[in-house]
Structures are given as structure tokens and as C-alpha cells.
2 protein chains.
Amino acid sequence: MFSKEIYTTRRRALAEGVRAAGETGLLLFVGNVEAPAQYKDNCYKFRQDSSWLYFWGLNEPRMAALVDLESGEERIFADDVEIDDIIWMGPQPSVASKAAKVGVSFTAPYAAFAESVRAALAAGRKVHYLPPSRYYNTLFLSELLGIPSASLTPSIPFIKAVIGLRLIKEPCEIEELDKAGALGQEMHSVGRDSIVPGIIEQDIVGKMEAVTLAKGWGVSFPTILTQHGETLHNHLHDKVVAPGKLMVIDAGAEIESGYASDYTRTYPTGGKFTPKQREIYQIVYDCNEFAFSITRPGITYREVHLATMRKMLEGLRALDLVRGDLDEMVSEGIAGLFMPHGLGHNMGLDVHDMEDLGENLVGYDPDQTRARQLGLGSLRMARRLRPGHVITDEPGIYFIPALIDKWKAEGTGKGFVNYDKLQSYYDFGGIRLEDDVLVTETGARRLGPSRLPIAPDDVEAAMAR
Amino acid sequence: MFSKEIYTTRRRALAEGVRAAGETGLLLFVGNVEAPAQYKDNCYKFRQDSSWLYFWGLNEPRMAALVDLESGEERIFADDVEIDDIIWMGPQPSVASKAAKVGVSFTAPYAAFAESVRAALAAGRKVHYLPPSRYYNTLFLSELLGIPSASLTPSIPFIKAVIGLRLIKEPCEIEELDKAGALGQEMHSVGRDSIVPGIIEQDIVGKMEAVTLAKGWGVSFPTILTQHGETLHNHLHDKVVAPGKLMVIDAGAEIESGYASDYTRTYPTGGKFTPKQREIYQIVYDCNEFAFSITRPGITYREVHLATMRKMLEGLRALDLVRGDLDEMVSEGIAGLFMPHGLGHNMGLDVHDMEDLGENLVGYDPDQTRARQLGLGSLRMARRLRPGHVITDEPGIYFIPALIDKWKAEGTGKGFVNYDKLQSYYDFGGIRLEDDVLVTETGARRLGPSRLPIAPDDVEAAMAR
């Protein structure tokens with residue numbers, strides 16, 4: 001938790017932001033409750049709502065809060081523990097003492113939250129809420145407001161004010177992100193060192209997750225670890241590690257404060273790249289380096305994405321996998337066949353930061369429109385970069401047989417894509433290389449204490465140890 | 001997954017059970033969807049609903065099913081994947097082919113489930129559903145049926161028929177429970193071997209969870225690992241392991257098929273019990289052995305609990321911590337001061353098996369009433385034992401300062417409890433010892449391939465290795 005001044009300042013800025021949009025009424029915050037895994041009393045590890053964490057700091061289930069836009073009053077609603085709870089959970093500090101730590105002096109029982117909201121509605125006041133990120137919050141808001149879940153209408157001015165604040169990371173947040181980077185790198189090093197032909201992928205996943213559970217909250221998202229990197233979100237880990245394959249590991253750690261890291265590396269399972277693997281790897285590596293080199297305040301991340309796609313097509317053209325004019329191929333979206341995802345996304349308290357608030361509101365400036373093209377259309381962060389933005393730099397090249405067949409059958413990319421040569425890449429798999437990047441006043445720096453080996457020679461050297 | 005005959009037979013028996021209670025209409029099953037951790041697309045590891053797993057076997061999100069009690073027809077509702085999904089998730093088998101594996105020939109898209117239910121309701125047919133164990137299912141049913149969540153009325157005949165089947169484990173289930181026991185024991189051995197003064201508790205938790213993640217689904221419930229065993233459900237792991245303490249580890253593994261294990265051991269952090277610790281440990285150990293020795297078909301687990309409490313009081317009386325007639329102390333509930341929980345619970349696909357269906361319906365025979373006394377009132381399994389029941393045997397003794405002070409102030413246990421001598425136990429902590437037990441035709445056997453060291457000498461020997 002940060003100092004109470006941090007939270008007080010953030011809430012004041014938030015209220016000012018919403019008021020500046022001409023709004024009145026109440027800002028509603030519904031913190032997370034425990035999430036049942038098997039049944040109501042057997043829950044997943046508790047994770048607080050990220051916007052709650054950002055503005056109210058308290059990392060405990062079953063809390064709600066209000067900000068009164070007119071009076072400026074801030075209230076936290078939560079229940080104190082009773083003697084029965086003390087037997088099971090040990091003595092606990094009071095809600096009032098916890099609230100004081102984040103600068104809030106008014107507290108009341110959890111049930112009083114609903115009463116306050118109903119009283120405000122009865123008095124004709126407006127209530128503002130964010131899009132609920134979990135089903136509990138959806139159910140709670142739906143029943144509180146008497147609106148079917150599909151008709152809930154989150155407040156755009158509230159959302160925009162939250163995004164405006166959370167998008168630019170404060171120094172205290174950057175410190176946490178560096179720590180999350182350190183833990184993510186430790187997790188990845190354990191993963192890399194565990195790649196030995198004969199081991200089951202799931203074994204490596206277990207070893208990696210152990211690092212995050214022993215020293216942090218856990219994984220910042222379900223680990224992707226696969227010898228079929230061409231399946232972008234592959235969460236099966238049932239294969240035996242075989243030599244000669246490419247192992248994509250896309251994984252990150254979340255530290256106790258809630259901040260995330262997100263790295264991807266691709267390893268030759270036998271410790272050495274084949275010449276064919278190295279050719280493609282080098283292109284992806286060059287793209288990762290290139291994107292970072294042009295990342296700086298003033299450029300949009302859409303421009304960085306497109307320039308990086310141009311670089312990738314240049315590399316693929318040198319291998320005769322595509323043919324033609326680079327600019328023409330970029331505008332035709334030819335790179336989407338090889339990289340059907342965006343170059344990166346915002347990162348912070350969420351690994352895809354604030355995704356529950358709306359991808360376009362988070363990742364696009366008001367003057368930007370999201371493309372529909374494969375690849376560029378999946379770009380989650382397109383904004384003009386400003387110091388304090390934290391983004392990922394994650395180019396990849398994949399050979400996805402189902403997608404290649406579809407394009408070929410539909411005639412997409414005809415004249416640009418060398419489908420004949422692509423035939424020999426159907427069993428290649430995929431490569432992705434990802435770092436976490438902070439936009440600084442003058443350029444950018446990678447988060448974390450050092451950098452996971454990434455140059456092909458360095459990767460082979462690390463695997464030889 | 002088991003053979004399709006297993007699932008077909010279970011569903012037929014279920015329908016017969018509900019019909020035998022005089023019911024008609026449709027049985028509704030709503031499988032789990034992914035559970036968001038941070039935001040909708042960043043989810044916890046998927047866990048299917050246990051009753052769904054039991055009757056429909058398919059371990060995938062976003063499925064629903066119906067059984068028509070009149071026609072006997074069985075239908076599975078789920079969506080096939082589209083080309084976009086194949087890019088991200090790889091090629092997937094069709095819903096029809098998956099349904100065939102569990103003996104179901106009728107399949108339809110997910111949205112058709114709601115249509116079928118609405119059509120049945122419009123035709124005046126009755127629909128039966130189980131208590132939803134997650135907020136998604138609550139929201140889904142509430143909106144489908146047009147009933148506020150607090151007014152949902154799960155079907156008692158449906159619940160009872162499910163419990164009747166799931167409570168008696170089939171041979172194929174017992175095989176899985178033995179496997180879960182093996183993994184749980186491996187997890188515990190790693191935990192025990194990691195107890196070294198100076199290490200942070202969380203480090204041990206990480207190492208233990210790694211075992212379950214590398215070889216199974218994960219933990220069957222959040223690991224309890226604490227040097228403050230007197231806090232029964234302590235999920236803080238922030239303490240440094242100090243010599244001279246007692247470390248309670250209550251943890252279990254869930255294997256890929258969904259079956260659970262649940263073991264507790266208590267270790268002297270320095271490797272050797274102090275004489276005072278050993279005295280209390282011996283009583284708990286004797287109680288664990290005693291409870292197992294009288295567990296057999298015909299006796300109720302309430303009787304086993306009470307006989308074990310008598311044994312515990314006998315041991316405590318020998319230490320002059322309680323005084324008086326054993327039977328009188330049992331009926332006065334004096335043991336509840338030292339063991340405020342029950343002797344055990346049912347276990348199966350859930351570590352507290354079927355807890356979402358209602359603790360009393362699951363754990364109590366129709367002629368049994370749940371006590372209100374501390375301890376006995378927390379007994380989750382009281383039923384007359386039958387072959388195929390799987391239960392835990394988990395006596396414990398805790399010295400809970402807040403509870404002792406409360407009893408003393410209220411005069412509870414006056415004349416029985418030696419509050420003066422108890423003073424010197426305020427910093428003792430707690431001890432719990434738990435095994436998983438199958439009721440057999442002739443008695444009982446412990447699940448798992450072997451037994452975690454439990455006799456005090458064996459524990460010290462294991463820690464010395």
C-alpha cells in the first residue's frame with residue numbers, strides 16, 4: 001500500500017475530472033468479493049478489483065465506497081469482524097483504522113452502501129459506476145439499480161477520468177512495476193533452465209508458477225508455454241518437450257501490490273536454433289529492438305506498430321516468403337498473416353491494463369479509430385505516447401496452417417504472399433519476443449532490473465549453462 | 001474422463017431418483033464459465049462445476065444441459081469454435097463429438113438452452129435447478145427465470161438425488177481419490193522438507209503449490225500453512241519460520257479429473273517437539289488413530305466425533321487442563337473450547353464435498369439434527385456411515401486466547417476448564433492431524449498410496465532426514 005496522500009490525491013483528481021465533464025452525483029466503487037472455485041467457501045486466491053486498489057488501496061474482499069461529487073465526501077463500506085470470525089481468522093484491525101490508512105474517515109457497514117445508493121436515487125441524484133469486471137459486481141449492481149445486467153450503463157465520464165489517471169504511471173507505481181519485472185524475469189529464468197527434452201510442459205509451468213506464488217501474488221495471467229506457438233493463446237501444457245522444437249513462453253508475475261509484468265521468450269528446445277529457426281528468430285528479434293528504438297513521447301504506438309510491421313515484411317521478403325513493395329504490403333495488412341495480433345498493450349495493475357474499462361477507451365486517443373484489419377485490428381494500444389505510459393513490445397511471427405489455408409482459398413494476399421514457399425513452414429510453429437517498456441521524458445526504458453537473454457547467441461549461451 | 005457408460009448410468013439413476021420423488025419437468029445444469037481474476041479476459045485457471053463434471057464429464061467452460069424427466073431426453077448446449085478462435089486456440093473437436101463421448105447425441109448452441117427453458121416454462125412445465133455455486137450461475141438463472149437472486153429456489157428432490165449418488169463413491173472415483181491422495185502426500189512431503197528456520201512461510205507454500213500445478217490441477221483449497229495454528233483458517237504466510245514453534249500445514253491437491261485430497265500435519269519448526277508440545281501432539285495423534293479405528297459401516301460419524309471428543313478430554317484431563325466426568329464434559333461441549341470444528345467432512349470432487357448443495361442435506365441423515373454447540377455444531381458430516389463414503393479424520397487441539405477469554409468471562413465451562421493452567425498455553429498455537437478415509441464393507445482404509453509420517457517419533461525422524 002502507498003501513503004494515504006497518494007490515494008487522497010488520486011481520488012481528488014478523479015472527482016475533479018468527472019466534475020470537469022459537467023457531471024454531478026455519486027461515484028460508486030464496488031470492490032471484489034472472494035471468487036468461488038468449487039463452491040462458495042472454497043475460493044481462488046483473492047484478487048482485488050484494480051480500480052479499487054488504485055483509488056482505495058485496501059486489499060480485502062467485500063468493500064464498497066462512494067465519492068460525493070458535490071460535497072466531496074468519501075465513504076468506505078465494510079463489515080468489522082465478529083468473535084466467530086476471530087476464531088477462524090485471528091484478530092483483525094477495524095474497518096475505521098484501515099480506512100484511515102487511505103485517508104478516509106467515514107466508514108459504515110457493507111449493507112449501508114446499498115441504502116446510501118438507493119437514498120441518492122430516490123432523491124433524484126445521478127449515480128456513476130464503472131463496467132463490472134466480475135459476475136458478482138454485475139449481479140450486485142443489476143439488483144441494486146433494478147436494471148437487467150445487459151442494460152447496465154457504465155458512466156463514460158467516470159471511465160475516462162479513471163483511464164486518464166491510471167494510464168500515466170506515478171513514480172511509486174514505476175517502482176512496483178520494476179519489482180514485478182524482476183519477479184517475472186526470475187520466473188522466466190527458471191522456465192528457461194527447465195527446458196530439457198523429455199520433461200512434460202506442465203512440469204515447467206509448475207516450477208515457474210512456484211516462483212510467483214513463493215514471492216508474489218501469483219501469475220499475472222495464465223501462463224502460455226507451448227511448442228505450438230502458432231496457437232497464440234495455447235493453455236494446454238500436456239506435451240513432452242521434444243528436441244528441435246521452438247518453445248514459446250509468455251508469462252508474467254503479479255507482485256503483492258497488484259502490479260504485473262509480462263514477458264515472452266522463445267527457446268530452441270534442444271538448446272540450439274536450426275538455421276531455419278534462426279532466420280525467423282532474427283527477424284522477430286530485430287522487430288523487438290526496432291520497435292523499442294523508436295518508442296518515445298510524441299509518436300503514436302499505432303505508428304510504432306506499423307513501422308515494425310514494415311520491418312518484419314522486409315525480413316520476410318529477404319526470405320522470399322513475401323514479395324512486393326513494403327509500403328503497399330503494410331497498407332494491405334499482409335503482416336497480419338504472420339502476426340495476427342498487435343505490437344503491444346498497456347500494462348499496470350492489470351497485465352492488459354484497464355481492459356475491463358473498454359479496450360478502445362483505454363488504448364485509443366479520441367482522434368484515433370480502430371482498424372478492422374487482421375493484426376492492426378488487434379492492436380490494444382494505439383495512443384500517442386506520453387512519459388509514464390507503460391506498454392509491451394511483443395512482435396511475433398507464426399505460421400498458422402488454418403489461417404494460411406483460409407487466406408489462400410479466399411485469395412487474400414495474392415501476389416504478395418509466396419504460398420508455395422510457405423508450405424515448408426507448416427510445422428514451424430511460432431516465435432514471439434516481448435519486453436515491458438516505460439515511456440520516459442526522452443525515450444523509453446525497459447522495466448525490470450536487467451533483460452532476459454534475447455539475442456539468438458545469448459539465448460543459446462544461456463541454455464548451455 | 002470416465003467411459004460414456006458411467007455418465008449415462010449416473011444420469012439415468014438421477015432422473016429415476018427425481019421421478020421417484022414424484023417430480024416432472026426438466027433438470028437444468030449450468031456448467032461454469034471462466035472466472036475473471038483481474039478482468040473478463042484474464043481468468044483464474046478454469047474449474048468446472050463439480051455436479052456438471054459428475055454427470056456430464058466435459059471439462060470445458062460455457063456449457064449447459066437438460067434432462068427431460070418425462071421423455072428421458074438429454075441435451076448438451078455449447079458453441080462450436082469459429083475460424084478466429086482456431087487462430088487463438090488451435091483446432092478444436094466439435095461439440096457433437098465431445099457430447100458423444102459422454103453418451104449424449106443431441107447438441108445445440110449455448111443460446112438455445114435459454115430458449116428451451118423459456119419454452120418449457122411457457123408450456124407450464126416445471127424446471128429444477130441446483131443451488132448455483134458461482135455468481136455467474138446465479139446471475140444466469142436469475143435472469144433466465146426472471147427471479148431476483150435471493151428468491152431462487154433450488155429443487156430439493158433434484159439436490160437429494162444428486163447427493164444420494166455423489167455421496168457413495170464408485171470404484172472409478174476411488175481410484176482417482178487415491179491418485180489425489182498420492183499427489184497431496186507428495187505436496188506435503190515437499191512442504192515438510194522445506195521447513196527450515198529463517199525461510200518465509202510463503203516460500204514453502206510456493207514450493208508445495210508447484211507440485212500440484214506441475215502434476216495436477218492445483219490446490220484443492222487455499223493452503224493453510226501457519227505457525228499460528230490457533231487461527232483455524234489462517235491464509236497469511238508472511239512470517240519467518242522460527243525455531244520452537246508448531247507449523248500447521250493443512251493442504252491438498254486436486255488432480256486433473258477434479259478429485260481432491262486434504263491432509264493436515266503439524267511439525268515442530270526446529271525438528272524436535274518440546275515436551276509440552278509432544279504432550280498435546282500425542283493427544284491429537286491418539287484421537288486421529290482412535291477415530292479411524294472405530295470408523296466402519298453402521299456407526300454415525302456424529303458418534304465417531306463424540307467418542308473422539310471423549311478421548312480428547314481424557315487426554316486433556318490427564319494434563320489437568322480440564323477436570324470432571326468425561327461423559328458430562330462431552331455433553332456440555334467442553335471439547336469445543338479446544339476443537340471448535342467437527343471431526344471431518346465428506347470429500348470427493350470437492351474437498352468439502354457438495355457443500356454448495358447445502359451442508360445439512362449433504363452431511364446429515366433425515367433423522368439427524370445439527371447441534372448448535374461449538375465444535376459439534378461445525379460437524380459437516382454426521383451421517384450413518386456406508387461403504388463408499390469418503391471422509392476426513394481431522395482432530396485438533398488449539399489454544400485460542402480470544403475464545404478462552406470469552407468462555408472465562410461468560411462463565412462457560414466453569415468447574416470443568418482449568419483456566420489457571422490454560423494461562424501457560426496462550427502462546428502454544430495449535431495442532432491438527434488429518435487423513436482422508438474411505439469407508440469399506442468391513443471398516444475403513446486411508447486413501448493414498450502410503451501415509452504421511454504422523455507418530456511423533458516418525459515426524460521427528462522425517463524432519464531429521
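What you see as residue numbers is a count from 1 along each chain, following the sequence as written. Chain letters and ligand numbers both follow the written order, the letters beginning at A and the numbers at 1. Thresholds applied to this predicted model are a pLDDT of at least 70 for local features of residues and 80 or more for the giving and counting of side-chain atom pairs; totals over whole chains, interfaces and linings are not thresholded and use all residues. Values shown for side chains rest on all heavy atoms present in the structure; no hydrogens or waters enter the calculation.

> In this structure, what is going on with the overall build of chain A? I would like to understand it.
Helix and strand definitions here come from DSSP, where helices need a minimum of 4 consecutive H or I residues and strands a minimum of 2 consecutive E residues; each element is numbered from the N-terminal end. Of the regular secondary structure elements, chain A holds 16 helices and 17 strands. A radius of gyration in this sense is built from C-alpha atoms; the matching globule rule multiplies 2.2 Å by the number of residues raised to 0.38. Taken against the 2.2 N^0.38 rule, which gives 23 Å for 465 residues, the C-alpha radius of gyration of chain A at 24 Å falls within 12% of a compact globule. Referenced to the eigenvectors of the C-alpha coordinate spread, the extents of chain A come out at roughly 70 × 50 × 45 Å. Exposed residues in this analysis have more than 50% of their type's maximum accessible area, buried residues have under 20%, and partly exposed residues fall in between, with area computed by a 1.4 Å probe over protein chains only. Counting every position in chain A, which comprises 465 residues, the buried fraction comes to 61%.

> Teacher, can you tell me more about the interface of chain B and chain A here?
How big an interface is tends to be reported as the loss of accessible area on association of its parts. For this analysis, residues touch if any pair of their heavy atoms sits within 4.5 Å. Contact with chain B, which involves 64 residues of that partner, is made by 64 residues of chain A. A carboxyl oxygen of Asp or Glu within 4 Å of a side-chain nitrogen of Lys or Arg is what we treat as a salt bridge. At the junction of chain B with chain A, the criterion picks out zero salt bridges. Side-chain atoms alone can form a polar contact between residues adjacent in sequence; in general such a contact is a pair of N or O atoms within 3.5 Å, and within protein one must be able to donate a hydrogen while the other accepts it. Summed over the shared surface of chain B and chain A, the result is 19 residue pairs in polar contact (both at pLDDT 80 or more). Elements that contribute at least two residues to the side of chain B that touches chain A include exactly strand S2 (36-39), strand S3 (42-43), helix H3 (83-89), helix H6 (135-145), helix H9 (201-215) and helix H14 (401-410) of chain B.

> What am I meant to see in a negative patch on the surface here?
Residue and element names in this part refer to chain A. Like charges within 9 Å and nonpolar side chains (Val, Leu, Ile, Met, Phe, Trp, Tyr) within 5 Å are joined into patches, using only residues over 30% in relative accessible area that form no salt bridge. Per-residue accessibility takes into account occlusion by the displayed protein chains alone, with areas from the Shrake-Rupley method and a 1.4 Å probe. A positive count includes Lys and Arg, and a negative count includes Asp and Glu. His and the chain ends are not counted in either. The atom standing in for a charge is NZ when the residue is Lys, CZ when it is Arg, CG when it is Asp and CD when it is Glu. Taken together, Asp-79, Asp-80, Glu-82, Asp-84 and Asp-85 make up a surface patch of like negative charges. As for its position among the elements, Asp-85 is in helix H3 (residues 83-89). Take Asp-85: its relative accessible area is 31%, and that puts it in the partly exposed class.

> Explain the sheet that holds strand S12 (residues 263-268) of chain A here, please?
In any sheet, the strands associate via hydrogen bonds between backbone groups, in a parallel or an antiparallel arrangement. All names here are of chain A. Here a strand pair is declared whenever DSSP counts at least two bridges between the two strands. Taken together, three strands build an open sheet; the order of strands is S9-S10-S12 and the sheet is antiparallel. Two strands close off the open sheet at either side, each with one partner strand: strand S9 (224-226) and S12. Along the sheet, successive strands turn relative to each other by an average axial angle of 10°, direction set aside. Throughout, an axis means a line fitted to C-alpha atoms (over the contacting stretch in the case of helices), and angles, computed between N-to-C directions, take values from 0 to 180 degrees.

> Any chance you could explain the relation of the copies chain B and chain A here in plain terms?
The pair of chain copies shares a relation made of a rotation about an axis and a shift along it. With an RMSD of 0.0 Å, the fit of chain B onto chain A corresponds to turning through 180° and sliding 0.0 Å along the axis. Such a combination of rotation and displacement between the chain copies is what one expects of a two-fold axis. Minimal C-alpha distance to the rotation axis in chain B is attained by Ala210(B), lying at 2.4 Å. Most of the interface of chain B is mirrored in chain A: 100% of its interface residues are interface residues there too. Residues reaching a pLDDT of at least 70 in both copies supply the C-alpha atoms on which the copies are superposed by least squares.

> What should I look at first to understand H14(B) in this one?
Two residues of an α-helix separated by three or four positions point the same way, owing to the 3.6 residues in each turn. All names here are of chain B. For H14, the set of buried residues is Leu-403, Ile-404 and Trp-407. When H14 is viewed along its axis, its buried side chains cluster within an angular range of 100° and face the same direction. The positive-phi residue at the C-terminal boundary of H14 is Gly-411, with phi of around 80°. Each direction from the helix axis to a C-beta atom contributes to the arc, which is the arc of those directions.

> Explanation requested: the pattern of salt bridges in the structure shown.
When the charged atoms of two side chains lie near each other, side chains of opposite charge can form a pair. Applying the stated rule across the entire model yields 66 salt bridges over all chains. Between Asp193(B) and Arg192(B) there is a salt bridge; the shortest N-O distance is 3.5 Å. By relative accessible area, Arg192(B) is classed as buried at 8%. Through salt bridges with shared partners, a single network forms among Arg265(A), Glu289(A), Asp435(A), Arg446(A) and Arg451(A).

> Would you mind showing me how to read the packing of aromatic side chains here?
For any two aromatic rings, the description comes down to two numbers: the centre-to-centre distance and the angle of the planes. The criterion for an aromatic pair is that two Phe, Tyr or Trp rings (for Trp, the six-membered ring) have centres within 6.5 Å, with stacked assigned to planes under 30 degrees apart, edge-to-face to planes over 60 apart and tilted to the rest. The full count for this structure, using the stated rule, is 37 aromatic pairs over all chains. For the pair Phe29(A) and Phe55(A), a centre-to-centre distance of 5.7 Å together with 55° between the ring planes defines the contact as tilted. With a gap of 26 residues between them, Phe29(A) in strand S1 (residues 26-30) and Phe55(A) in helix H2 (residues 50-56) connect regions that are remote in the sequence. Here Phe29(A) matches Phe55(A) in class, with each residue buried. An aromatic cluster is built from Phe29(A), Trp52(A), Tyr54(A), Phe55(A), Trp56(A) and Phe158(A), whose rings are joined through pairwise contacts. Note on criteria: charge over ring means Lys NZ or Arg CZ within 6 Å of the ring centre, with the direction from the centre no more than 35 degrees off the ring normal. Of note, Arg75(B) hangs over the ring of Phe106(B), and the distance from its end group to the ring centre comes to 5.5 Å.

> Please explain the packing of helix H5 (residues 111-122) of chain A against helix H6 (residues 135-145) of chain A as it appears in this structure.
Relative placement of two packed helices is described by the angle separating their axes and the distance separating the axes. All names here are of chain A. At a minimum axis distance of 10 Å, the contact between H5 and H6 shows a crossing angle of 40°. In this view, H5 runs oblique relative to H6, as classed from their interaxial angle. At the point where H5 passes H6, the crossing takes the right-handed sense. Judged by residue contacts, Phe-113, Ala-114, Val-117, Arg-118 and Leu-121 of H5 engage Phe-140, Leu-144 and Leu-145 from H6. Throughout, the ten residues Ala, Val, Leu, Ile, Met, Phe, Trp, Tyr, Cys and Pro are labelled nonpolar, Asp, Glu, Lys and Arg are labelled charged, and all others, Gly among them, are labelled polar. Taken together, the residues of the contact of H5 with H6 sort by class into seven nonpolar, no polar and one charged. Oblique is the label for every angle not falling under 35 degrees (roughly parallel), over 145 degrees (roughly antiparallel), or within 65 to 115 degrees (roughly perpendicular). Handedness of a crossing follows from how the near helix is turned relative to the far one, being left-handed for an anticlockwise turn of less than a right angle and right-handed for a clockwise one.

> Any chance you could explain the packing of helix H1 (residues 4-20) of chain B against helix H7 (residues 156-167) of chain B here in plain terms?
Residue and element names in this part refer to chain B. Interaxial distance between H1 and H7 falls to 9 Å at its minimum, and their mutual angle equals 135°. On the basis of the axis angle, H1 is oblique to H7. The two elements H1 and H7 cross, and the hand of that crossing is right-handed. The residues of H7 that touch H1, namely those facing Arg-10, Ala-13, Leu-14, Gly-17 and Val-18, are Pro-157, Phe-158, Ala-161, Val-162 and Leu-165. Broken down by class, the residue content of the contact of H1 with H7 amounts to eight nonpolar, one polar and one charged.

> Before we go on, may I ask you to explain the sheet that holds strand S12 (residues 263-268) of chain B in this structure?
Residue and element names in this part refer to chain B. The strand order S9-S10-S12 describes an open sheet built from three strands, whose pairing is antiparallel. Strands at the two margins of the open sheet, each flanked by one partner only, are strand S9 (224-226) and S12. Here the average twist between neighbouring strands, direction ignored, is 10°.

> What's the story with the environment of Val205(A) in this structure? I'm lost.
All names here are of chain A. On the secondary structure map, Val-205 appears in helix H9 (residues 201-215). Each C-alpha atom of the pair Val-205 and Arg-118 lies 47 Å from the other, and the pair is 87 residues apart in sequence. Setting aside residues up to four positions removed in sequence, Val-205 forms contacts with Thr-223, Leu-225 and His-237.

> Just checking my understanding: could you explain the environment of Ala100(A) for this structure?
Inspection of the secondary structure puts Ala100(A) in helix H4 (residues 95-100). In the structure, Ala100(A) is positioned 121 residues away from Phe221(A) in sequence and 32 Å away in space, judged by C-alpha atoms.

> Would you explain the pairing of strand S16 (residues 435-439) of chain B in this entry?
Within a regular beta strand, the side chains point alternately toward one face of the sheet and then the other, so they alternate between its two faces. Residue and element names in this part refer to chain B. Burial runs high along S16: five of the five residues are buried. Burial of S16 is two-sided: the residues Asp-435, Val-437 and Val-439 facing one way and the residues Asp-436 and Leu-438 facing the other way are all buried. Bridge count between strand S13 (residues 390-393) and S16: four bridges; the pairing is antiparallel. Across the sheet, residue Ile-391 finds its bridge partner in S16, namely Val-437. Pairing of S16 with strand S17 (residues 444-446) involves three bridges; the strand directions are antiparallel. Counterpart to Val-437 in the pairing with S17 is Arg-446. Linking S16 to S17, which pair antiparallel, is a turn of four residues.

> Sorry if this is basic, but what is going on with unusual backbone geometry here?
Residue and element names in this part refer to chain A. The backbone of Arg-62 shows a phi angle near 65°, a positive value even though the residue is not glycine. In this fold, Arg-62 is placed in the loop between H2 and strand S4 (64-68). Even without being a glycine, Met-354 presents a positive backbone phi close to 60°. Secondary-structure assignment places Met-354 in the loop between helix H12 (326-332) and helix H13 (359-363).

> I keep staring at the confidence of the model for chain A and nothing clicks. Help me out?
The pLDDT averaged across chain A works out to 96; a share of 99% of its residues lies at or above 70. Predicted complex metrics record ipTM = 0.93 and pTM = 0.95. Along the chain, pLDDT gives the predictor's confidence residue by residue, from 0 to 100.

> Sorry, what's going on with the side chain of Glu173(A) here?
Residue and element names in this part refer to chain A. With respect to the helices and strands, Glu-173 occurs in helix H8 (residues 171-193). Buried within the structure, Glu-173 lacks any salt-bridge partner; Arg-10 is the closest side chain of opposite charge, at an N-O distance of 4.1 Å. A distance of 2.7 Å separates a polar atom in the side chain of Glu-173 from a polar atom in the side chain of Tyr-259. When residues no more than four places from it in sequence are discounted, the contact partners of Glu-173 are Phe-2, Arg-10, Tyr-54, Ile-168 and Tyr-259.

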